[in-house]
Amino acid sequence: MTGATSDKELILKLSNVSKQFGAVTALDGIDMEVHKGEVVALVGDNGAGKSTLVKILAGVHAKTSGTIEFEGREVEIGTPGRALELGIATVFQDLALCENLDVVANLFLGQEMNPWRLNEIEMEVRAWKLLGELAARIPSVREPIASLSGGQRQTVAIARSLLLDPEIIMLDEPTAALGVAQTAEVLNLIERVRDRGHGVILISHNMEDVRAVADRIVVLRLGKNNGTFGPDASQEELVSAITGATDNSVSRRAKARDAASSVEEGAK
Amino acid sequence: MSDTQKFDRADSRVREDTGLAGAARAFVDRVRSGDLGMIPVILGLIVIAVVFTSLNPVFMRPQNLTNLLFDAAAVGLISLGVVFCLLLGEIDLSIGSMSGVASAILGVLWVSVGIPWPLAILAALAAGAFTGLVYAALLNRFGMPSFVSTLAGLLALLGLQLFLLGNSGSINLPFQSFLIRFGQILVMPGWLSYLLALVPGLVIFVFGMQTRSERAAANLSVPAMSVLVAKAASLTAVILIAVWYLNQGRGVPYMFVFFVLLVTGMEYILTRTQFGRSIFAVGGNREAARRAGIKVERIRIYAFMICSTFAAAGGILAASRLASASRQAGTGDVNLNAIAAAVIGGTSLFGGRGSAWSALLGVLVIQAISNGLTLLNLSSSLRYMILGAVLALAVIVDSLARQSRASHGRA
Ligand SMILES: Nc1ncnc2c1ncn2[C@@H]1O[C@H](COP(=O)(O)OP(=O)(O)O)[C@@H](O)[C@H]1O
Ligand SMILES: [Mg+2]
């Protein structure tokens with residue numbers, strides 16, 4: 001296991017964080033660190049607890065135990081508003097958009113300019129600029145979210161997380177519904193955010209994407225830490241950490257393929 | 001494509017709806033997709049006018065229409081309040097009883113105790129605000145669905161009303177007071193009503209021009225001048241004709257203008273403030289609103305308090321209209337009339353869609369039906385049945401429009 005360490009300033013540190021949903025232990029003693037200007041990929045099979053971890057950091061769920069340190073101070077993230085205040089922005093897996101409101105209203109929800117006389121024009125202009133940065137293909141920002149495609153909605157959710165210029169941005173499977181160009185654009189964006197010195201937590205099932213942008217890959221399995229890898233980790237290493245076995249369906253397929261082309265396979 | 005590309009016209013898929021023809025085309029598209037807007041109301045009003053006038057010509061006489069507007073203000077205020085609950089996807093079934101309690105408080109404090117009426121009104125409004133606070137607390141603390149808590153409240157408030165009125169059962173309010181004249185006879189002088197009739201069109205025009213220049217400065221597309229002028233002019237024409245017609249009889253009641261002013265104020269709050277935006281967000285997707293940092297529980301508190309306070313205000317207008325606070329006040333069809341008015345006016349029972357205007361438009365429909373049926377000397381049994389059917393129809397239209405919107409991809 002190669003745990004790449006970062007000498008950059010620490011933003012977020014989780015120690016021994018656990019989350020219980022009734023009888024289900026969704027997270028069990030999770031440790032994780034995010035530094036400035038670093039992309040941490042969070043990978044794991046379905047149900048590993050990735051989204052739960054993100055929701056705890058976003059203030060959606062309360063952790064059962066453990067500590068969270070943000071910029072050196074221990075913090076309680078009791079509400080989503082608190083997370084936003086700290087500078088933790090989130091693109092949720094289910095996007096969390098209001099279908100009855102238009103794109104501008106969704107982007108600025110809770111952060112409207114000029115609360116007692118909404119500045120619709122300024123908000124619309126900023127919406128176009130923000131979406132432009134993402135190379136978004138959204139025909140009109142005055143249409144309700146309900147009329148947008150899945151990918152367009154995802155772009156809106158990503159744009160919204162950037163609005164407040166957060167310290168850390170967490171993206172829960174942000175490219176799942178995106179096309180080729182859009183995925184590349186989001187990966188570019190992640191790099192831009194990182195280069196600005198912010199931290200990024202990226203959840204994705206696409207190992208290619210993960211390896212392309214991540215500085216560190218944190219594997220969760222059944223709610224526990226199951227290793228930290230550098231971006232140069234091999235596919236087999238990652239897969240075995242994710243599935244928890246050196247002999248798993250993915251490696252068996254690889255073996256069969258390798259055997260067929262009679263290439264000697266090197267075990268880890 | 002020019003180099004002065006507007007932000008919102010960069011995508012080649014967006015059809016440019018310019019000018020009057022463009023506005024008409026966009027309107028037809030919206031209606032087709034289930035965004036009916038004011039159409040059901042306007043059709044409804046025309047049908048009602050034609051039917052009732054053919055049955056009894058008195059219906060369209062200016063005196064009767066002035067009467068109708070006097071009657072509409074009280075239920076209209078109650079309806080305006082319930083819009084806030086409906087937008088959240090909640091409901092308040094106790095607004096009728098709340099209005100009854102408010103009228104009882106007014107009667108007892110003003111007549112029996114002898115407190116000046118403005119203070120009595122304040123007390124009644126405070127009772128309304130407190131009731132709303134209780135409903136919101138029950139929902140926030142115990143997750144008690146609002147239709148249950150307010151149904152319980154309906155009964156409890158009715159009990160309170162009977163208790164306050166005691167054995168007398170009814171308290172007559174002083175005829176000579178301003179409050180009662182406001183509710184029964186005060187109408188605007190002609191010149192003032194004509195002057196006020198010009199205001200809405202002027203406001204639309206001036207603010208429309210301001211928005212146009214601001215949008216142009218921000219490099220956004222600018223709505224056509226012709227559409228703006230047509231809107232302002234047609235609205236002014238409609239209001240002027242209505243005012244002129246009413247002035248052939250008794251004139252325009254101050255009470256109704258008061259109601260319209262409140263509707264305008266609430267429309268501003270709903271569409272132009274962060275609070276209003278939050279109400280729509282919570283009604284559309286509560287969890288999304290919460291994750292955006294909106295304090296959902298606080299929004300609920302305000303919405304329920306606004307709702308009950310307007311119900312109390314409506315009760316006070318009803319008392320001043322009748323010059324009495326009685327056991328019957330706020331009972332019977334008041335509750336459902338107010339809710340039906342909001343729904344008929346286009347506020348969805350499913351939350352997240354609607355406007356303050358819906359209370360104004362809907363209450364005109366409801367009150368026109370009610371008034372017409374009274375003119376026909378129909379017994380209240382038939383009136384209840386017919387109004388019940390109208391409410392059912394309004395909800396069916398609401399549901400169908402919702403399904404249509406879903407299939408056309410417009411929430
Ligand atoms: N709100 C909830 N209530 C109860 N159990 C939950 C809840 N959210 C998630 N879980 C459980 O927690 C585990 C982890 O889920 P999740 O974090 O969504 O996984 P992932 O995002 O890695 O696929 C699952 O077993 C899931 O059933
Ligand atoms: Mg997940």
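Residues numbered from 1 in each chain as written. Chains lettered and ligands numbered in written order. Predicted model: local features only at pLDDT ≥ 70, side-chain atom pairs only at ≥ 80, totals over all residues. Heavy atoms only, no water.

1. Some points on the pairing of strand β6 (residues 88-91) of chain A
All names here are of chain A. Inclusion rule: Only protein chains enter the accessibility calculation, which uses a 1.4 Å probe; a residue is then buried when its area is under 20% of its type maximum, exposed when over 50%, and partly exposed in between. Strands are runs of DSSP state E lasting at least two residues, helices are runs of H or I lasting at least four, and both sets are numbered from the N terminus onward. A pair of strands is considered paired only if DSSP assigns at least 2 bridges between the two.
Side chains Ile 88 and Thr 90 project from β6 onto one buried face, and the interleaved Ala 89 and Val 91 project onto a second face that is buried too. Judged from the four bridges that link them, β6 and strand β7 (residues 168-172) form a sheet pairing that is parallel. Note that in β7 the partner of Val 91 across the bridge is Leu 171.

2. Section: the interface of chain A and chain B
Inclusion rule: Here, two residues are considered to be in contact whenever any of their heavy atoms come within 4.5 Å of each other. By convention, the term buried area covers the 1.4 Å-probe accessible surface removed from two parts as they join, with the contributions of both added. Whenever Lys or Arg places a side-chain nitrogen within 4 Å of a carboxyl oxygen from Asp or Glu, that contact is recorded as a salt bridge.
Taken residue by residue, the interface counts 40 residues in chain A and 34 residues in chain B. Summed over both partners, the interface of chain A with chain B buries about 3100 Å², with 61% contributed by carbon and sulfur atoms. Looking at the side of chain A facing chain B, the largest losses of area belong to A:Asn100, A:Ile121 and A:Trp128, adding up to 18% of the total buried there. Our enumeration of links across chain A and chain B arrives at three salt bridges. Here A:Asp94 and B:Arg291 are joined by a salt bridge, their closest N and O atoms 3.0 Å apart.

3. Focus on the sheet that holds strand β10 (residues 224-229) of chain A
Residues and elements named next belong to chain A. Which entries qualify depends on this criterion: All axes here are fitted lines through C-alpha atoms, helices being fitted over the stretch that makes contact, and every angle between N-to-C directions spans 0 to 180 degrees.
Spatially, β6-β7-β8-β3-β9-β10 is the arrangement adopted by the six strands of the open sheet, whose pairing is mixed. Both edges of this open sheet fall to β6 and β10, since each of them pairs with a single strand only. Pairs of neighbouring strands in the sheet enclose a mean axial angle of 20°, with direction left out of account. Bridge count between strand β3 (residues 39-43) and strand β9 (residues 216-221): four bridges; the pairing is parallel. Across the sheet, the residue bridging to Ala 41 is Ile 217, located in β9. Along the sheet, helix α1 (residues 50-57) contacts β3, β6, β7, β8 (199-203) and β9; its crossing angle with β8, the most-contacted strand, is approximately 150°.

4. Quick look at the domain arrangement of chain B
Residue and element names in this part refer to chain B. Just so we agree on the cut-off: Domain segmentation is taken from an automatic or database assignment of domains. The nonpolar class holds Ala, Val, Leu, Ile, Met, Phe, Trp, Tyr, Cys and Pro. Asp, Glu, Lys and Arg form the charged class, and all remaining residues, Gly among them, are polar.
Segmentation of chain B into domains returns domain 1 (37-186 + 253-410) and domain 2 (187-252). With centres defined by C-alpha atoms, the gap from domain 1 to domain 2 works out at 27 Å. Every contact between the two is made by 15 residues of domain 1 and, on the other side, 12 residues of domain 2. When domain 1 packs against domain 2, the two sides together hide about 1100 Å² of surface, and 65% of this comes from carbon and sulfur. Looking only at domain 1, the three residues that lose the most surface to domain 2 are Pro 62, Thr 66 and Tyr 254, adding up to 41% of its buried area. At the boundary of domain 1 with domain 2, the tally comes to zero salt bridges. Every element with two or more residues in the side of domain 1 that touches domain 2 is listed here: α3 (62-87) and α10 (254-272). The greatest single-element share of the side of domain 1 that touches domain 2, amounting to seven residues, is contributed by α3. A class-by-class count of the residues in the side of domain 1 that touches domain 2 yields 10 nonpolar, four polar and one charged.

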